[in-house]
Amino acid sequence: MSRSEKTHSLLTQKLLFTAVIVLVYIMGRCIPLYGVDRSVYAGREADAQALLIRTISGDLNRCSLFALGISPYMMGSILVQMISLCRKAWSKDKVSPRKTNQAILAMTLVLAALQAFFQVQALSFCVPDALLLSARMVSGLEMVTGAMLIVWLSAQNKKYGFGRQTILIYINILDGMASTLGGHGIRELAFPLVLAAELVFIMLMMEGAEFRIPVQRISIHNIYADKNYLAVKLNPAGVMPVMFSTAFFMLPQLLVLGLGYLFPYHEGIAWWRENLTMARPLGIVVYILIIYVLTLGFALLFISPGEITEQFLKGGDSIRNLHAGRDTKRYLTGTICRISLFSATVMSICMGLPMFLQFYRGWDRELLMFPTSAMILTGIWYSLYQEYLAVRSYDHYKPFI
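Residue numbers run consecutively from 1 along every chain, following the written order of its sequence. Under the rules for a predicted model, residues below a pLDDT of 70 receive no local features and side-chain atom pairs below 80 are neither given nor counted, while totals for whole chains, interfaces and linings still include all residues. Heavy atoms from the whole structure form the basis of all side-chain values; hydrogens and water molecules are not counted.

Enquirer: So what's going on with the overall build of the protein chain? Which residues, and what values?
Expert: Within the protein chain, the secondary structure is distributed over 15 helices and three strands. Accessibility here uses a 1.4 Å probe with only protein chains present; expressed as a share of the type maximum, an area under 20% marks a residue as buried, one over 50% as exposed, and anything in between as partly exposed. Counting the 401 residues in the protein chain, one finds 44% classified as buried. Any pair of residues with heavy atoms lying within 4.5 Å of one another is described as a contacting pair. Taking the contacts inside the protein chain whose residues are at least 6 apart along the sequence as the reference set, 79% of them involve residues at least 24 apart. Summing over all exposed atoms, the protein chain offers an accessible surface of approximately 22100 Å²; the carbon and sulfur share of this is 64%. Only runs of H or I of at least four residues qualify as helices and only runs of E of at least two qualify as strands under DSSP, and these elements are numbered from the N terminus. Surface exposure here means Shrake-Rupley accessible area, sampled with a 1.4 Å probe, where a residue is shielded only by the protein chains that are shown.

Enquirer: Quick one: what's the story with a nonpolar patch on the surface, residue by residue and with numbers?
Expert: Nonpolar side chains (Val, Leu, Ile, Met, Phe, Trp, Tyr) are joined into patches within 5 Å and like charges within 9 Å, using only residues with over 30% relative accessible area and no salt bridge. Any carboxyl oxygen of Asp or Glu within 4 Å of a side-chain nitrogen of Lys or Arg constitutes a salt bridge here. Nonpolar side chains collect at one region of the surface, where F117, L255, L259, Y261, L262 and F263 lie side by side and expose about 630 Å² of accessible area between them. With four residues, helix α9 (residues 250-262) is the largest single contributor of residues to the nonpolar patch. Relative to the helices and strands, F117 resides in helix α4 (residues 97-122). Classification of F117 by relative accessible area gives partly exposed; the value is 34%.

Enquirer: Explain empty space enclosed by the protein residue by residue, including any values.
Expert: With a 1 Å grid spanning the protein atoms alone, the term cavity applies to any set of points in which a 1.4 Å probe fits but cannot get out, the term pocket to an open set with protein on both sides within 12 Å along at least five of seven lines, and the term lining residue to any residue with an atom within 4 Å of a point. Grid points are joined across faces, edges and corners, and a volume is the space filled by probe spheres set on the points. Taken as a whole, this structure holds one cavity of 30 Å³ or more when the rule is applied. What the largest cavity holds in volume is close to 120 Å³. Along the wall of the largest cavity there are 14 residues; nearest its centre are L51, R54, G176, M369 and S373. Those elements that place two or more of their residues in the lining of the largest cavity are α2 (48-57), α6 (166-182) and α15 (370-392). Gly is placed with the polar residues, together with every amino acid not listed as nonpolar (Ala, Val, Leu, Ile, Met, Phe, Trp, Tyr, Cys and Pro) or charged (Asp, Glu, Lys and Arg). Residue composition of the lining of the largest cavity, by class: six nonpolar, six polar and two charged.

Enquirer: For the sheet that holds strand β2 (residues 229-233), give the residues involved together with the corresponding values.
Expert: Strand pairing is defined by DSSP finding a minimum of two bridges between the two strands. Ordered in space as β2-β1-β3, the three strands form an open sheet in which the pairing is antiparallel. Looking at which strands have only one partner, the edges of the open sheet turn out to be β2 and β3 (318-319). One ladder, built from two bridges, connects strand β1 (residues 210-216) with β3; its direction is antiparallel. In the sheet register, Q216 faces β3, and the bridge partner there is S318.

Enquirer: Give me the lowdown on the packing of helix α11 (residues 281-303) against helix α13 (residues 326-357), citing residues and values where you can.
Expert: Every axis corresponds to a line fitted to the C-alpha atoms, with the helix fit spanning only the stretch in contact, and the corresponding angles, defined between N-to-C directions, vary from 0 to 180 degrees. Across the interface, α11 lies against α13 with an axial gap of 9 Å and an inter-helix angle of 150°. When the interaxial angle is binned, α11 and α13 end up roughly antiparallel. As for how α11 packs across α13, the hand of that crossing is right-handed. Considered class by class, the residues forming the contact of α11 with α13 number 17 nonpolar, seven polar and no charged. By definition in this entry, angles of less than 35 degrees are roughly parallel, angles greater than 145 are roughly antiparallel, angles of 65 to 115 are roughly perpendicular, and the rest are oblique. What makes a crossing left-handed is the near helix being turned counterclockwise from the far one by less than a right angle; a clockwise turn instead makes it right-handed.

Enquirer: Which residues make up the side chain of S154, and what values go with them?
Expert: The residue S154 is located in helix α5 (residues 132-160) in this model. On the accessibility criterion, S154 (3% relative accessible area) is buried. In this structure S154 touches I70, Q165 and L168, once residues within four positions along its chain are discounted.

Here it is in structure tokens:
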């Protein structure tokens, strides 16, 4: 078998494996929780938060086996990464990837249990009152099981398939956009489609543009010596902060729900519980602040000025007109922070504008969130396309023998 045939076979195997994962995921979303009265949720109007949560859960009413979606895993990953960064600041001991994965799974299980506990309290059941507690317990267990199954499906797709964990989010967004297009007329879709086209254009510009930092390489002594640079994408973290912000937004909500469960008559907690949603200005502001924090954090985590500085010191390379070491690290950190703040501002405007428009009468919330879904979909599609090109590029390699 030639190298080209092997590459084609590898790509085909990845796509077929991902197709099976997606099929299992779609089937899981169609399995209702035990005892839930699904007729209560038929035709119910969803707010901005429910529509955004659908991107990471896929279930608008959150009453299926995969009701929690991938959000517990996303929140668990962020929390473990934050703890790891704090640990590195105080200790030089390294943690193995195996222990990190175990910590993420444990945190995911805890968060899934908490989410399931509060979610079943809001569900409507069609069982006798004597069986209500049992139905809630079984439904909560099903939610946790579904969340861990999604984690396993995502891990298998990351290892053998195409698109890593984002393929499930991609399917959720496609499903939501298809239902929006099918449920509204062309006149209603005119403004959302125009706005979606603008946001897609902005996302493509952000993904394709880059900031170039001139670098002096001691190993290059030809005409290309003056053309070396360190490229920093104008959108360093991509669309990940937007996706993770929806999951991360649930953490303060879980905290408020927990306090409300312990102190049901506290007026201050009741006020936070009522206003800390994406259907209220306070919730939107908190959501935008989370986007800023995650954009900055992901950018510093992915690019890592400290590691780049250390590589420069070991290799003898440097940024032009800068001393190696502390000056280089300070310059890279400042540059990445400025680029990240610009990226976060653009993303926040694109996400916040449709949310604030929902307060005007006559605007359909589902239509307003359509441009946001298109923007997120474009960001994921861009990364999937890059992965596709990486696999296809093996066609151009020829064996030495």
